[in-house]
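Observations on the model geometry
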Amino acid sequence: MLDTARLVLRTVEAADAPFYLELVNDPDFLRHIGDRGIRTLEAARTHIDNGPVRMQAALGHAIWLVAHKESGAPIGMCGLIKRDTLPEVDLGYAFLPGWRGQGYAVEAARAVVGYARERLGLARLLAITSPHNTASGALLEKLGLRFDKIVHLTQEDPGTRLYAMQLCATA
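Residues numbered from 1 in each chain as written. Predicted model: local features only at pLDDT ≥ 70, side-chain atom pairs only at ≥ 80, totals over all residues. Heavy atoms only, no water.

The name given to the protein in an unreviewed UniProt entry is GNAT family N-acetyltransferase, with Massilia genomosp. 1 as the source organism.

Next comes the structure, spelled out in structure tokens:
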């Protein structure tokens, strides 16, 4: 779908279930994004099919697998998500621990922001982080998103940081 200097972003598929299972059970994923309750390869395949694959088919965007261009190894996820709890599309990302701190998240996210602006013509883009995830907040600000407010995505949510940026004058 998208190419950068070091990365390829593509639709995640059922064959990516081992990688997906590892990512969603990473301690930082669980702490900052949440526990999806995915503990088996079959559950990972089902979540891939019912989540990113279905969203891609319906909307033309989703959270995509990020692969290292040289090795082909899946290293993370990055893409555009339309949540029922937010008024507009948001940017989401998560990377395996061994690939963090090397600029891959910024590189992937820049490509996704460009896609949102140039290919989808979105007027505005959102992103969310947990209040204690300062690394993600810094990455979002580096991309041009700015903290907007604290939102509560569910009744149990103690507060989530909402970021936003204008992409185009009109959608």
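Alright, that's what it looks like, and here's the rest.
Some points on the side chain of Ser130
Looking at the element boundaries, Ser130 is found in the loop between strand 6 (124-129) and helix 5 (134-143). Only 3.4 Å separates the side chain of Ser130 from the side chain of His32, close enough to count as a polar contact. Excluding residues that lie within four positions of it along the chain, Ser130 makes contacts with His32 and Arg161. (Helix = DSSP H or I, 4+ residues; strand = E, 2+ residues; numbered from the N terminus. Polar contact = N/O pair within 3.5 Å; in protein donor to acceptor, adjacent residues only side chain to side chain. Contact = heavy atoms within 4.5 Å.)

What to know about the environment of Phe95
Looking at the secondary structure, you find Phe95 in strand 5 (residues 90-95). For the pair Phe95 and Thr134, spaced 39 residues apart in sequence, the C-alpha to C-alpha distance is 15 Å. Residue contacts for Phe95: discarding those within four places in its chain leaves Leu23, Val66, Ile75, Gly76, Met77, Arg100, Tyr104, Ala105 and Ala108.

Some details on the sheet that holds strand 7 (residues 146-151)
The sheet built from 8 strands is open, its strands ordered 1-2-3-4-5-6-8-7 with mixed pairing. Single-partner strands in this sheet number two, and they are strand 1 (2-3) and strand 7. Across the face of the sheet, helix 4 (residues 104-119) comes into contact with strand 1, strand 2 (7-11), strand 3 (63-68), strand 4 (74-81), strand 5, strand 6 and strand 8 (160-166) while running at roughly 30 degrees to strand 4. Against the sheet, helix 5 engages strand 5, strand 6, strand 7 and strand 8, with an angle of about 130 degrees to strand 5. (Pairing = 2+ DSSP bridges. Axes fitted to C-alpha atoms, helices over the stretch in contact; angles between N-to-C directions.)

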